[in-house]
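Take a look at the letters that make up each chain.
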Amino acid sequence: MSVLKKVIVAVLLFSSFSYEQGNAQVNGGRGLTYVKSAWNLAPGYLLMYGNTRFFGKVGKLNLAQNITSAVTFWDVQGSLSFNYGISEHFELAFSPIIYQDTNRGGKGYNMIDDIFLSLKIGSYGKKGSSVSYGFDLSARFPTAKDHNIIFEPYSAGKVSFGFTGRLSYARDPLYPEDGLSLHLNLGYWNHNDVGQQLTNISPTVDLVRVESPTQEFLYGMGIVLPSDKFDFSMELYGNAFIQQPPPTAFSRENVAYLAPKVRYKAQRWLSLDMSLDIRLAGNNDQTDYSLPGVNPLPDQPNYPTWRMNLGAQFTILPTTVYSVSERDILMKKAETRRELFEQIIREQRETEAAEEELERIKEERRKAERELERLRRILEGEAKRKQQKKDQ
C-alpha cells in the first residue's frame, strides 16, 4: 500500500482523535484535542469521534560506516472513540486504534492496534459555579502485533493503566461551551512493563528486559474561544517520565507540544476538526543505538516535529438531535436556566432559614446569659444580706 493510499484510507475510514502524550486514552468526548474538560456527556448521549493524524520526513539512514541512504519515514494513525453518558457524573469511553504505521519490515502497520478503555467521573461543582472538576480511570490493552513504535508514545505490549484529574472554568456556567473556557489536566500513567522484552525496528531481535516499571506524569492546559459556527482553541500538553523506559526504547524523552485547532460546527450532530501539533521540547534523542539489534534511524528525533490532525465528531444518540429545531434548543436552554434559578433560590432560602435559626440560637444564648447574670446578682445579694445579719 502506497504512502498516499495509507493517508487517504486513514483520513476517510479510520480517522481517530489523537490520544494524550503518554498513552492516555483517546479523547472523544467533551474537550479539546488532547486536553479533556471536566464536563461529562449528558445521560443517554452517545458520541463517535473519528480522526487521523499523520507526519512524514525524508532523512538519512546509516547502512554502514560512511554509507548512507535517503529514506522516507511516515507515521499515520487512525482510530475511533465511542463515548456514552451513563449518568450525570459517569461516562464510559471505548477507543480502539484501528490503524497504526510501524515503519518495520513486512507489512509495516498494525491493524488493529491497541484499545483504550476509560471511566470518566466528572461534572462536579456547585450549581451555577464557573468551576467544575472530575477525574478519569483508564487502561490500555495491548491488542496490536508490534509495540515500541518510533514517532509514537512509548508502549511495551503490556496492560497499562493511569488516571487524570480534570479542572474546567467556564465564563458562562449556564452554557459552558457557548463562551470562553479554560481547562487543566494532570495525570499519571504506569506502563506495568517489568519483565517485558522490547524489540526495535528488527521484529525478530529481543533486546533489553525491563527491570523497573516505566512511569510518567502527564499534563495539559487549554483555552477555547467559541463562535456560532467555529471554535478556536489552543492547548499545551506533554509528559515527564518519573521512571524512563529502557535504553533501547523509542520515545523515552520528555516532550511538550503546542496544538492550535479549529472546529467547524457543520450541524448540531456533526463537527469537523483540524489541528496541528508543534513540538516545543523533546529534541534530544536518548535511545541507545549501540546495542545489537537496534537499527539506526534517520536524523530525526523520536517525536515528530509536527503532526497534522483531521477529525469528525458524530452524535449517534439521542436520535432527537437530528430533528430538533432552533426553537426547541432555545426552549431547552430557557428551561435549564429556569431550573438553575429555582435551585439557586431554594439554596438561598435554605441559607436564609439557617441564618435565621442561627440568629435565634444566638438570641436564646444571650437571654440565657442575661438570666444567669440576674441569678448571680440575686444570689450575691442574698449572701450579702445573710452576712450582714450575721455581723449584727
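What this report covers is the structure whose coordinates are included nearby.

1. What to know about a nonpolar patch on the surface
Link 1 in the chain: A surface patch of nonpolar side chains, about 950 Å² in accessible area, is lined by Y84, I86, F90, L92, F94, L117, F141, V159, F314, I316, L317 and Y322.
Link 2 in the chain: Of all the elements in the fold, those that place two or more residues in the nonpolar patch are strand 3 (90-101) and strand 13 (306-317).
Link 3 in the chain: Tracing the sequence through the fold places F94 in strand 3.
Link 4 in the chain: F94 sits in the partly exposed class, given a relative accessible area of 38%.

2. Some remarks on the pattern of salt bridges
Link 1 in the chain: Enumeration over the complete set of coordinates arrives at 16 salt bridges.
Link 2 in the chain: Here R166 and D136 are joined by a salt bridge, their closest N and O atoms 2.9 Å apart. On the criterion of sequence distance, the pair formed by R166 in strand 7 (residues 160-170) and D136 in strand 6 (residues 131-141) is long-range, its members being 30 residues apart.
Link 3 in the chain: Since its relative accessible area comes to 3%, R166 is described here as buried.
Link 4 in the chain: In this structure D136 comes out as buried when scored by relative accessible area, which is 0%.
Link 5 in the chain: Note that E371 is salt-bridged to R374, the shortest N-O span being 3.7 Å. Taken together, the positions of E371 and R374, both in helix 2 (residues 326-391) and 3 residues apart, correspond to about one turn of that helix.
Link 6 in the chain: Under the relative-accessibility criterion, E371 is labelled partly exposed at 46%.
Link 7 in the chain: Judged by relative accessible area, which is 46%, R374 ranks as partly exposed.
Link 8 in the chain: One network of salt bridges, with partners in common, ties together E373, R376, R377 and E380.

Basis of the calculations
- Residues numbered from 1 in each chain as written.
- Predicted model: local features only at pLDDT ≥ 70, side-chain atom pairs only at ≥ 80, totals over all residues.
- Heavy atoms only, no water.
- Patch = residues over 30% accessible without salt bridge, like charges linked within 9 Å, V, L, I, M, F, W, Y side chains within 5 Å.
- Areas by Shrake-Rupley, 256 points an atom, 1.4 Å probe, with all protein chains shown as cover.
- Salt bridge = Lys/Arg side-chain N within 4 Å of Asp/Glu carboxyl O.
- Helix = DSSP H or I, 4+ residues; strand = E, 2+ residues; numbered from the N terminus.
- Buried < 20%, exposed > 50% of the residue type's maximum accessible area, 1.4 Å probe, protein only.

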